[in-house]
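Here's the letter readout for the chains.
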Amino acid sequence: LNMVLMAMASVPRGGTVTVTVSGEEFLARARGERARVPDAIAQVLAGAADLSSLDARLVQPYYARLLAASAGLGLTMAMDGDDVVVRAGGPQSAG
């Protein structure tokens, strides 16, 4: 669910989010006008955010990152063409 919320945050003008699972890889792909990776979410996923700056919209990526790490998975959010892809997959070093 947190990955879906992260994907939804990347299409502020609306769009579609498609979720796929293949083996140990989970993808949430967001497609919409002006899709982008929000800077604050990118910082949280990189472990570079100040924890005192976490708010209601940043708690999802924070906990998703912790959960993925506890399962030995990497978690990324990146542009793929005009789409934003949130990916959780193993091993952690690949994400």
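Refer to the structure printed above.
Parameters at a glance
- Residues numbered from 1 in each chain as written.
- Predicted model: local features only at pLDDT ≥ 70, side-chain atom pairs only at ≥ 80, totals over all residues.
- Heavy atoms only, no water.
- Buried < 20%, exposed > 50% of the residue type's maximum accessible area, 1.4 Å probe, protein only.
- Helix = DSSP H or I, 4+ residues; strand = E, 2+ residues; numbered from the N terminus.
- Arc of directions from axis to C-beta.
- Contact = heavy atoms within 4.5 Å.
- 1 Å grid on protein atoms, 1.4 Å probe; cavity = no way out; pocket = protein on both sides within 12 Å on 5 of 7 lines; lining within 4 Å.
- Points joined across faces, edges and corners; volume = space filled by probe spheres on them.
- Nonpolar A, V, L, I, M, F, W, Y, C, P; charged D, E, K, R; others polar.
- Polar contact = N/O pair within 3.5 Å; in protein donor to acceptor, adjacent residues only side chain to side chain.

Participant: How do you make sense of helix 2 (residues 39-46) when you look at a structure like this?
Facilitator: Helical periodicity: at 3.6 residues per turn, an α-helix aligns residues three or four positions apart in one direction. Those residues of helix 2 that sit buried are Ile-41, Val-44 and Leu-45. Angular distribution of buried residues about the axis of helix 2 spans 95°; they occupy a single face of the element. Turned more than 90 degrees off the buried face of helix 2, the exposed positions are Asp-39 and Ala-46. Here the buried face of helix 2 lies against helix 1 (2-9), helix 3 (59-70) and strand 3 (74-80). Following helix 2 by one or two positions, Gly-47 has its phi on the positive side, about 75°.

Participant: Can you walk me through the layout of surface pockets in this structure?
Facilitator: It is a probe the size of a water molecule, rolled over the atoms, that shows where empty space is left. The computed volume of the largest pocket comes to approximately 290 Å³. Leu-1, Met-3, Phe-26, Leu-67 and Ala-88 are the residues nearest the centre of the largest pocket, which is lined by 16 residues in total. Within the residue set of the lining of the largest pocket, elements represented by two or more residues are helix 1, strand 1 (15-22), strand 2 (25-32) and helix 3. Looking at the lining of the largest pocket residue by residue, the classes come out as 15 nonpolar, one polar and no charged.

Participant: Could you clarify how one ought to interpret the environment of Arg-31 in this entry?
Facilitator: With respect to the helices, strands and loops of the structure, Arg-31 is situated in strand 2. For Arg-31, a relative accessible area of 49% corresponds to the partly exposed category. In this structure, the C-alpha to C-alpha distance between Arg-31 and Arg-57, residues 26 residues apart in sequence, is 20 Å. Each residue touching Arg-31, except ones within four places of it in the same chain, is listed here: Val-11, Gly-15, Thr-16 and Asp-83. A polar contact is formed between the side chain of Arg-31 and the side chain of Asp-83, at a distance of 2.6 Å.

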